[in-house]
Amino acid sequence: MICKFEYHKLKRSHRPFYSMLSIILYLFFILFGFYTYAQTQTGGQVNFRYTFENRSYFNGLTFALYAFYFAVMMVLPIFAATEGGAQVAGETHNRTLYLMLARPLSRSQIFFSKLFVSFSYLFFLVGYLLAFALLTGLVFVGWGTLNLYPGVLQMSHVHQSLSQSEALNSFACAWVLASVALSAPLALSFLLSTWIRNPLNAVSTSIALYLILYVMSEIHFFVKLRPYFFTSYMGFWREAFREEILWGQIFQDGAKILAFTFVFLALAYRRFRLREEI
Amino acid sequence: MKAEIVLWSLAIFMGFYSYTSSQITEKHYRFSKMNKQDLRVITWNVGGSSGEKGNALRYEFIPRIVNTIKSLQPDIIFLQELVGRHQAESISYQLRGWRFIVAKGSNRQTAIFFKNGFIRNAQSIPAEPRHFVICDYYHKKRVVSLLGLHASAYSAKRRNTVIGYATDTLRQKKTKYKILAGDLNVDIGLDKRHDLFSDNEQLDVETYNYAAKFFKDTTLLTGNTAEPDRRLDYIFASGFVVKRGGPILNVKTGDMDHHPVVVDLNFE
């Protein structure tokens, strides 16, 4: 019942609509960039160069992978932070949390229903982006074999060649794994949402924190600090794109992400349970 | 309260699982007299990092390099950044008669040293910014084509041209066994950004993949070969079975910024 209530609140907030619209715009830009780049690289405008790039390399599956990669690392975490940050802080700011607490509902029911709906929404958003990217790739570019080369998107150490069906299976795995990866920024924003009473501040702080941690995990100057940032493991879904998937590696990195998620959630829940509503 | 305990328990379990399942492996090469192989190959950029654009090998470091080479007992050594032929002669003398071929051109030359066997068809091929050397090495009744290379440190386009050209030149050799080794100045590892060091990261990716398409990167996933935390030195080979390999740390001296990279190969 409470989950249904949260679902209706999410629907009425129009956030899903704006997120889906943003994803369409994002994919349009990626498609434009991909198309012009492919034309430049394979249309004879490049002088003598030793390369693996050719017309068959730039297919719809490569497009979907590029779109998905940058979305999971940089676009979707912002949606996750927005969603998580808006939850408890939004209710506090609008003074609707009092009304909820006045009903015969425990704080844990309120907390976990919000969490469940937020995560489900995020899972849907990842799937929506992936499906739309694959469909766009199919319609505008056409599918084919997915070739992954060392260095490209930091996907693999050795050349991987996935047939169309293998690649689609990998995308399906990546949907689930990327959703798990995004649970960490979502949980972080939940934590901030229980501490900060203004939703704007909670969301902006969550986004700023995510970007800081992301940048630090990308630049190798911070190599010693990296293991302590959840952003260092955000790309673990990339392991799904292998001729032989290393499940042990996936479970290991997935467990690290989930450890961060549960720590953030435990702290957030503790704060929500103990705090006084004024 | 119960929910909080469950959340903390899950966090501890996940942390414990990820910690215990991570395998701590020694990536770098460790020398052992028990190791058996048909061919041991070393590549080492022995230049220094002092000055605006670095410097070639200093004479005072030669004994240290010779001692390292002696202790590793290799069959073939690719050295980069020698001052000239006279320096190669000095190393050869201190190694007690190892023979060598050295590239032509200006200073910072590339050389190939070998202990046993003999060499034919040695060529110094002009390239930017410096020549590379290619030859056929006759060893244990087999012929191995060797190519020693030192690519540009400052231009991805030059690297692409010289590595691509060297790859094609070596591919055209009719021998079964081929080795391309040297300081390629290309770093495309998975776990970090490289655009801080390259003027065209994408071109470096393409360059690496062009060589990797035809030859096996024998020291893949064995760690960085140069300071600061970069993998620049490679031994590509075809026709061999790779037994073990990787960089050897803590032997570089003075202002050197590269570690020697070693690989043990067996004839297939």
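Before reading further, recall that the structure is shown in the block above.
Parameters and conventions
- Residues numbered from 1 in each chain as written.
- Chains lettered and ligands numbered in written order.
- Predicted model: local features only at pLDDT ≥ 70, side-chain atom pairs only at ≥ 80, totals over all residues.
- Helix = DSSP H or I, 4+ residues; strand = E, 2+ residues; numbered from the N terminus.
- Rg over C-alpha atoms; globule rule 2.2 N^0.38 Å.
- Buried ≥ 20, exposed ≤ 12 C-beta atoms within 10 Å, placed from the backbone.
- Contact = placed C-beta atoms within 7 Å.
- Pairing = 2+ DSSP bridges.
- Nonpolar A, V, L, I, M, F, W, Y, C, P; charged D, E, K, R; others polar.
- Axes fitted to C-alpha atoms, helices over the stretch in contact; angles between N-to-C directions.
- Parallel < 35°, antiparallel > 145°, perpendicular 65-115°, else oblique.
- Left-handed = near helix turned anticlockwise from the far one by under 90°.

Please set out the overall build of chain A residue by residue, giving values where relevant.
Looking only at helices and strands, chain A features eight helices and two strands. When the helices and strands of chain A are placed in sequence order, the string is α-α-α-α-α-β-β-α-α-α. For a compact globule of 278 residues, the expected C-alpha radius of gyration is about 19 Å, and chain A comes in at 21 Å, within 12% of that figure. Once the C-alpha set of chain A is aligned to its principal axes, its extents read approximately 70 × 40 × 30 Å. The proportion of buried residues among the 278 residues of chain A is 45%. Taking the intrachain contacts of chain A between residues at least 6 apart in sequence as the baseline, contacts between residues at least 24 apart amount to 77%.

Please set out the pairing of strand S5 (residues 118-125) of chain B residue by residue, giving values where relevant.
Consecutive residues of a regular strand have side chains that alternate between opposite faces of the sheet. All names here are of chain B. Here S5 runs beside strand S6 (residues 132-139); their pairing, made up of six bridges, is antiparallel. Residue pairing in the sheet places Ser124 in a bridge with Val133 of S6. In this antiparallel pair of consecutive strands, S5 and S6, the connection spans six residues.

Can you tell me about the interface of chain B and chain A, naming the residues and giving the values?
Counting residues at the interface gives 29 residues for chain B, matched by 30 residues for chain A. Those elements giving two or more residues to the side of chain B that touches chain A turn out to be helix H1 (2-21), helix H4 (156-171) and helix H5 (201-214) of chain B. Of all the elements, H1 of chain B adds the most residues to the side of chain B that touches chain A, at 11 residues. For the side of chain B that touches chain A, the class distribution of residues is 15 nonpolar, eight polar and six charged.

With reference to specific residues and values, describe the packing of helix H2 (residues 62-72) of chain B against helix H3 (residues 85-94) of chain B.
Residue and element names in this part refer to chain B. Direction vectors running N to C along H2 and H3 enclose 50°, while the axes themselves pass 10 Å from each other. One finds that H2 runs oblique with respect to H3. Crossing geometry of H2 relative to H3 is assigned as right-handed. Touching Ile62, Pro63, Ile65 and Val66 of H2 are Ser90, Ile91 and Gln94, all from H3. Split by residue class, the contact of H2 with H3 holds five nonpolar, two polar and no charged.

Residues and numbers for unusual backbone geometry, please.
With the exception of glycine, the majority of residues adopt a negative phi angle, and the majority of peptide bonds are in the trans configuration. Residue and element names in this part refer to chain B. Residue Glu128 is joined to Pro129 through a cis peptide bond whose omega torsion reads 0°. Within the secondary structure layout, Pro129 lies in the loop between S5 and S6. If you check the backbone angles, Asn121 has positive phi at about 55° while not being a glycine. One can find Asn121 in strand S5. Since 11 C-beta atoms lie within 10 Å of it, Asn121 is described here as exposed. One non-glycine residue with positive phi stands out, namely Asn185, at about 55°. The residue Asn185 is located in the loop between strand S8 (177-183) and H5 in this model. For Asn185, a count of 27 C-beta atoms within 10 Å corresponds to the buried category.

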